[in-house]
Amino acid sequence: MPDRRAVLTGLTALPAALGLASPAATARTPFVLDGAGRRITIPASVRRIFPAGPPAAILIYTLAPDLLIGWPRANRPEEREFLLPEVGSRPEVGRITGRGNTANLELVLALQPDLIIDAGSVRRPFAELADRAQGQTGIPYALLDGRLDVAAGTYQTLGQLLDRRERAKVLADWCDDTMRTLLSRTGTVTPTRRPRVYYARGPRGLETGLSGSINVEAVEFLGAVNVASGAPGRGLAQVSLEQVLVWNPEIIVTIDQTFAATVRTDPAWAGVSAVADGRIHLSPKLPFGWVDFPPSVNRLIGLWWLGKVLYPTLFPEDMRSLTRDFYTLFYHLTPTDQQIDRVLAGRD
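Being a predicted model, the structure only gives us computed values, none of them experimental.

K.L.:
Give me the sheet that holds strand E11 (residues 280-282): which residues, what numbers.
P.N.:
In space, the 4 strands of this open sheet follow the order E8-E6-E10-E11, with parallel pairing throughout. Two strands bound the open sheet, and with one partner strand each, they are strand E8 (225-226) and E11. Across 3 bridges, strand E10 (residues 251-254) lies against E11 in parallel orientation. The residue bridging Ile 252 from the neighbouring strand is Ile 280, located in E11. Of the strands in this sheet, strand E6 (196-200), E10 and E11 touch helix H14 (residues 299-310), which is tilted by about 155° from E10.

K.L.:
Hey, could you go over H14 for me, with residue numbers and the actual values?
P.N.:
The first and last C-alpha atoms of H14 sit 16 Å apart over 12 residues, in line with the 16 Å expected at 1.5 Å per residue. Extensive coverage of H14 is indicated by the burial of 11 of its 12 residues. Taken together, the buried positions of H14 are occupied by Arg 299, Leu 300, Ile 301, Gly 302, Leu 303, Trp 304, Trp 305, Leu 306, Gly 307, Val 309 and Leu 310.

K.L.:
Describe the nonpolar core, naming the residues involved and giving the relevant values.
P.N.:
The biggest cluster of nonpolar side chains holds 73 residues, and the ones touching the most others in it are Ile 117, Tyr 155, Leu 161, Leu 162, Leu 300 and Leu 303. Among the elements that take part in this core, H14 stands out by supplying 8 residues, more than any other. Membership of the second largest hydrophobic core comes to 18 residues, among which are Leu 206, Val 244, Phe 259 and Ile 280.

K.L.:
Please set out the confidence of the model for the chain residue by residue, giving values where relevant.
P.N.:
With 91% of its residues at a pLDDT of at least 70, the chain reaches an overall mean of 92. Scored below 50 in pLDDT, residues 4-26 makes 36 contacts in the model with residues more than four places away or belonging to other chains.

K.L.:
Please give an account of the packing of H14 against helix H15 (residues 319-331) that cites residues and values.
P.N.:
Two elements in contact, H14 and H15, have axes whose closest approach is 10 Å; the angle formed by their N-to-C orientations is 170°. Of the possible angle classes, the one that applies to H14 and H15 is roughly antiparallel. For the pair formed by H14 and H15, the contact residues are Leu 300, Ile 301, Trp 304, Trp 305 and Lys 308 on the first element and Met 319, Leu 322, Thr 323, Phe 326 and Phe 330 on the second. A class-by-class count of the residues in the contact of H14 with H15 yields 8 nonpolar, 1 polar and 1 charged.

K.L.:
Explain the packing of aromatic side chains residue by residue, including any values.
P.N.:
Within the structure shown, the criterion is met by 16 aromatic pairs. Ring geometry for Phe 259 against Trp 269: centres 5.1 Å apart, planes inclined by 70°, an arrangement best described as edge-to-face. In this pair, Phe 259 is assigned in helix H12 (residues 257-262) and Trp 269 in the loop between H12 and helix H13 (273-276), connecting sequence segments 10 residues apart. Neither residue differs from the other here; Phe 259 and Trp 269 are each classed as buried. Through pairs of rings, three or more aromatic residues link up here, namely Tyr 61, Trp 71, Phe 82, Tyr 155, Trp 174, Phe 288, Trp 290, Phe 326, Tyr 327, Phe 330 and Tyr 331. Sitting above the plane of the Phe 31 ring, Arg 39 keeps its charged end 3.6 Å from the centroid. Above the plane of the ring of Phe 315 lies Arg 185, whose end atom (NZ or CZ) is 5.2 Å from the centre.

What counts, and at which threshold
Residues numbered from 1 in each chain as written. Predicted model: local features only at pLDDT ≥ 70, side-chain atom pairs only at ≥ 80, totals over all residues. Heavy atoms only, no water. Pairing = 2+ DSSP bridges. Helix = DSSP H or I, 4+ residues; strand = E, 2+ residues; numbered from the N terminus. Contact = heavy atoms within 4.5 Å. Axes fitted to C-alpha atoms, helices over the stretch in contact; angles between N-to-C directions. Expected span 1.5 Å × (residues − 1). Buried < 20%, exposed > 50% of the residue type's maximum accessible area, 1.4 Å probe, protein only. Core = buried A, V, L, I, M, F, W, Y, C linked by side-chain atoms within 4.5 Å. pLDDT = per-residue confidence, 0-100. Parallel < 35°, antiparallel > 145°, perpendicular 65-115°, else oblique. Nonpolar A, V, L, I, M, F, W, Y, C, P; charged D, E, K, R; others polar. Phe/Tyr/Trp six-rings, centres within 6.5 Å; stacked < 30°, edge-to-face > 60°. Lys NZ or Arg CZ within 6 Å of the ring centre and 35° of its normal.

Given below as structure tokens:
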């Protein structure tokens, strides 16, 4: 769990920390420092961007959808329904990073991007991958920090790279306001009142995120106790039902419809407090997941949803209004009441 005072203090310092020009600066600087501290030359003109993976594709879409060449995976019809038609239907171009990377650098070159953007971890292996790809293609490759608590700074960095600073500031301000509100509310919760949460993935619910995993970042950011935090390792892990019974979570959050539909009546899970108390919550996932899947800025609206799940009395906001406003601002389309019903129900 991040240091709350440090996060709050750091929000206003992010532009300077990332090497951005001051708000008063009018001239476009020739370079920017990316999330890994790498010096990226700003192209004279950016018309086409290749997303290195799904988190980057979503980040780019929210800021500058017209510049997105395509998607790491073609969007399904139910996902395209919530995206700009001319952008959501753009072709599958594969991915450079993450599980199942499918785009080789020859393909990337053939698409003639002006810029490659990655978003997520900025640890050394990913920075080295960015350096190699940039060296082999000659295309600037920016690695942006995908953590939720620096989303505002990430938008400002991307806005400077693309010369879309005004739009980037609007999105960064939304992120700043959200982080301040969430931290001020959850900061009042004493350790003994923080709920014990299990994040269930897969149809059997036996894949979860370990401590520090980006897959459970939203849960841990809100101060909840990730029951899997004491397990060895990092990232995603397979666990046994016996282990879940020992952890005995008070709340289960899942992204899998099959698991959510069956766990309530599965006798093997009956001994888990969350199941006995009916505290099973199916996360929304259209057009992208609200908790992870993929772990990008799509999780920002999920923070509000999780806040209501974890601390109902602290979050009186109407999720329908929040959903409509977020989708309008970040996804460029205003959903209908029927579409919001589907989203909040966690249905495809």
